[in-house]
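As a plain string of letters, each chain reads:
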Amino acid sequence: MFFRRRARMFCWLLGGRLGPVWMWKALLLFVAIAFAGQLLGVIFNKSNGQPTAHSVFSSPDAQGPSLGSCRPHTHIMFLKTHKTASSTVLNMLYRFGEERNLRFALPLGYQLGYPLPFNAHRVKGYRGPRAVEFHVIGNHMRFNKIEVEKVMPEDTFYFSIIRDPVAMAESSFAYYKEVAPAFRKAKGLGDFTDDPKKYYDPRLRNNHYARNLLSFDFGLDHNANFSMALAQHSEAVVRKTFKLILVSEYFDQSMILLRHALCWPLDAVVSFSLNARQQKPSSTGVMSGSWVGKAAAAAGVSSRGGRLQAKMAPSLSLTEDQKEKLRQWNALDWYLYKAFNRTFWEEISRFGHAQMEKEITLLRTRREDLARVCLKDGGKPVEAHRIRDKNIRPFQSGLVKILGYELQPVLDNATRMACLRMIRPEIQYKDLLDLKQFPQPPAIQGQPGQQSQGLMVAAGGTFLRRDSSRTGEKVVGGEPGGRTLEEVERDWDGSRLGKRNQTLIQGQEQKRLR
């Protein structure tokens, strides 16, 4: 009885004193809708990681000092030389192109026909001389200017990077020890250096890694007897095509020169070192499992019981006399290095030493800022097995460990994406760009980085593909003279693209590269 009286009084107040009931119902409904909208908005923002402030990549520091009225170059040819920090440079090109939706001249596998001279038909989507506009080409190739010009526009900017041949030899020996027959036979780098002709046979496959590797990558005759006439002609050939030659030992100075040559913002040339090796080679095996094991087997690393048996880490120590012997053995590379190192410092003198120091300081400060934002442990590289995200683990090859990075755990979406681009390994990044340019049907499209488990490059440049369409496990390699397997895939316009991968290696057969 009491409650009925209270209800009648409440209705009387609403209807008579405070307005009609329908008005209050409408008001309550409006309040409920507004509250629900706010609640959903908060949930949506949290789930999408919207930043509460601008991303560090959108700050004014990202642009760097003014470059005047120049226009950014978007037609770029980078000759990716071996063991010269070229993977770090390629990452910059990948980032710049991806952010601006540029078209890459990508290989059918992971290298553009290397170690054979480059051929335009090695480019995925190639339709004839300049029939398709490609903006960037930069995967490993043996340079062949005539064929490159079929792919790239006339206004393409050509550049490359070089390194002291002694340091290159040390890195090459550690990385290609089980690939190059000349290195494989030697106990250590000093042993090879003392008598290189004892181990070196120019007829054997992959021995190009053991002599004048830089000259080989530039498409020059790396086995010719050294003469001043040969050296000067080789230098002239390179100078005629390449507008800028960077020097690995002076990487930051190189990035400043490159930024001004390409008219790019500062962040485009800020990088973290990629594909770096652990300074102390590992004496324990790091490669195991099916596809990795087969890749290593094709590269000549012994296997037993499904797991790789580790070999002792090679000795890389050299005396001063041995370093001089290496320079003589790689005389053409040594001549080119000295010539373009001299040109490099002439460029810096024209740029201005004071201005160079100022911009290097800005570059290094920016790198430290981005490392603090993006990377765990202050940006210290870590071993691959410690990286939780498999999509950013660097591929392991040779008898040394290749290091990578881990991202900070809590990043907004925009920052995480930009940071991820900076540390994504070369193989996974190539896969991602490939999927963007040549989309696969949803039923067979995998995550970026997973393609590398189907097609890999073992040390030495051999294409390795896991073939599940036949009985047993087979690997398709790229050794000349082997049997061929016709494979068909879709090109950029949906047409069928046939390509031939060579040398079918069946079952558990192991074959050393020659």
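Residues numbered from 1 in each chain as written. Predicted model: local features only at pLDDT ≥ 70, side-chain atom pairs only at ≥ 80, totals over all residues. Heavy atoms only, no water.

Draft legend 1. Region of interest: helix α11 (residues 251–262). For α11, built from 12 residues, the straight-helix expectation of 16 Å at 1.5 Å per residue is met to within 8% by its first-to-last C-alpha distance of 16 Å. For α11, the buried fraction is high: 10 of the 12 residues fall into the buried class. Restricting attention to buried positions, one finds in α11 the residues Phe251, Asp252, Gln253, Ser254, Met255, Ile256, Leu257, Leu258, Arg259 and Leu262. In this structure, the buried residues of α11 make contact with β1 (76–79), α3 (86–99), β3 (157–162), β4 (244–247), α14 (331–351) and α15 (353–374). (Helix = DSSP H or I, 4+ residues; strand = E, 2+ residues; numbered from the N terminus. Expected span 1.5 Å × (residues − 1). Buried < 20%, exposed > 50% of the residue type's maximum accessible area, 1.4 Å probe, protein only. Contact = heavy atoms within 4.5 Å.)

Draft legend 2. Structural detail: the state of the cysteines. In the structure shown here, the tally under the stated rule is two disulfides. Across the disulfide from Cys70 sits Cys263; the S-S distance is 1.9 Å. Between Cys70 and Cys263 the sulfur-sulfur dihedral comes to about 80 degrees; the bridge is accordingly right-handed. Here Cys70, found in the loop between α2 (21–47) and β1, pairs with Cys263, found in the loop between α11 and α12 (290–298); they are 193 residues apart in sequence, far enough to count as distant. Exposure remark for Cys70: the relative accessible area of 34% places this residue in the partly exposed category. Residue Cys263 is classed as buried on the basis of its relative accessible area, which comes to 8%. The disulfide that involves Cys374 links it to Cys419, with 2.0 Å between the sulfurs. Between Cys374 and Cys419, the S-S torsion sits near -65 degrees, and that sign places the bridge as left-handed. One end of the pair, Cys374, is in helix α15; the other, Cys419, is in helix α16 (residues 413–423), with 45 residues separating them in the sequence. (Disulfide = S-S within 2.5 Å.)

Draft legend 3. Examining the pattern of salt bridges more closely. Summed over the entire model, instances satisfying the criterion amount to 21 salt bridges. Between Glu347 and Arg350 there is a salt bridge; the shortest N-O distance is 3.1 Å. Residue Glu347 and its partner Arg350 are located together in helix α14, separated by three residues, close to a single helical turn. Look at the salt bridges and you will find they share partners, linking Glu98, Glu99, Arg100, Arg421 and Lys436 into a network. (Salt bridge = Lys/Arg side-chain N within 4 Å of Asp/Glu carboxyl O.)

Draft legend 4. Expanded view of the side chain of Arg163. Counting through the fold element by element, Arg163 comes out in the loop between β3 and α5 (165–175). For the buried Arg163, no salt bridge exists, and the shortest N-O distance to an oppositely charged side chain is 4.6 Å, to Glu249. Here Lys83 takes part through its backbone oxygen, which lies 2.8 Å from a polar atom of the side chain of Arg163. In contact with Arg163, not counting residues within four places along its chain, are Lys83, Thr84, Met168, Ser171, Ser248, Glu249 and Tyr337. (Lys, Arg positive; Asp, Glu negative; His and termini not counted. Polar contact = N/O pair within 3.5 Å; in protein donor to acceptor, adjacent residues only side chain to side chain.)

Draft legend 5. Just the pairing of β3, in detail. Counting buried positions over the six residues of β3 gives six, a clear majority of the element. On β3, burial covers both faces: Phe157, Phe159 and Ile161 on one face and Tyr158, Ser160 and Ile162 on the other are all buried. Direction of pairing for β1 relative to β3: parallel, over a ladder of four bridges. Bridged to Phe78 within β3 is Phe159. Relative to β4, β3 runs parallel, the two being bridged by four bridges. (Pairing = 2+ DSSP bridges.)

Draft legend 6. Region of interest: the nonpolar core. With 108 residues, the main nonpolar core has Phe159 and Phe192 as its most contacted residues. Apart from residues lying up to four places away in sequence, Phe192 is in contact with Phe173, Ala182, Phe183, Ala186, Tyr199, Ala210 and Trp329. (Core = buried A, V, L, I, M, F, W, Y, C linked by side-chain atoms within 4.5 Å.)

Draft legend 7. Structural detail: the packing of aromatic side chains. Going through the model one piece at a time under the given rule, you end up with 22 aromatic pairs. Their ring planes at 85 degrees and their centres at 5.8 Å tell us that Tyr114 and Phe216 sit as a pair that is edge-to-face. Of this pair, Tyr114 sits in the loop between α3 and β2 (136–137) while Phe216 sits in helix α9 (residues 213–217), and the two are 102 residues apart along the sequence. Exposure class is identical for Tyr114 and Phe216. Each is buried. Pairing Tyr175 with Tyr176 gives two aromatic rings, centres 4.9 Å apart and planes at 80 degrees, and the pair type is edge-to-face. By relative accessible area, Tyr175 is classed as buried at 11%. (Phe/Tyr/Trp six-rings, centres within 6.5 Å; stacked < 30°, edge-to-face > 60°.)

Draft legend 8. Structural context of the sheet that holds β4. Strand order in this open sheet of four strands is β2-β1-β3-β4, and the pairing throughout is parallel. At either end of the open sheet lies a strand with only one pairing partner, and these are β2 and β4. Taken strand by strand, α3 contacts β1, β2 and β3, and its axis lies near 165 degrees from that of β1. (Axes fitted to C-alpha atoms, helices over the stretch in contact; angles between N-to-C directions.)

Draft legend 9. Summary view of the packing of helix α10 (residues 228–241) against α14. The interhelical angle for the contact between α10 and α14, taken along N-to-C directions, is 50 degrees, at an axis separation of 10 Å. Between α10 and α14, the angle falls in the class oblique. Crossing handedness for the pair α10 and α14: right-handed. Of the residues in α14, those touching α10 at Met228, Ala231, Gln232, Ser234, Glu235, Val238 and Arg239 are Leu332, Tyr335, Leu336, Ala339, Phe340 and Thr343. Classifying every residue of the contact of α10 with α14 by side-chain character gives eight nonpolar, three polar and two charged. (Parallel < 35°, antiparallel > 145°, perpendicular 65-115°, else oblique. Left-handed = near helix turned anticlockwise from the far one by under 90°. Nonpolar A, V, L, I, M, F, W, Y, C, P; charged D, E, K, R; others polar.)

Draft legend 10. Structural context of unusual backbone geometry. Backbone torsion omega between Tyr114 and Pro115 reads 10 degrees, so that peptide bond is classified as cis. Positionally, Pro115 belongs in the loop between α3 and β2. The residue Arg130 is not glycine, and still its phi comes out positive at about 55 degrees. Note that Arg130 resides in the loop between α3 and β2.

Draft legend 11. Region of the structure containing the side chain of Thr241. Along the polypeptide, Thr241 turns up in helix α10. The class of Thr241 is buried, set by a relative accessible area of 7%. Within the local environment of Thr241, its side chain forms a polar contact with the side chain of Lys145, the two groups lying 3.4 Å apart.

Draft legend 12. Quick look at α15. For α15, built from 22 residues, the straight-helix expectation of 32 Å at 1.5 Å per residue is met to within 8% by its first-to-last C-alpha distance of 31 Å. For α15, the complete set of buried residues consists of Met356, Glu359, Ile360, Leu363, Arg366, Arg367, Leu370, Ala371 and Cys374. Buried residues of α15 fall within an arc of 135 degrees about the axis and therefore sit on the same side. Away from the buried face of α15 by more than 90 degrees, exposed residues Ala354, Lys358, Glu368 and Arg372 are located. The elements touched by buried residues of α15 are α11, α14 and α16. (Arc of directions from axis to C-beta.)

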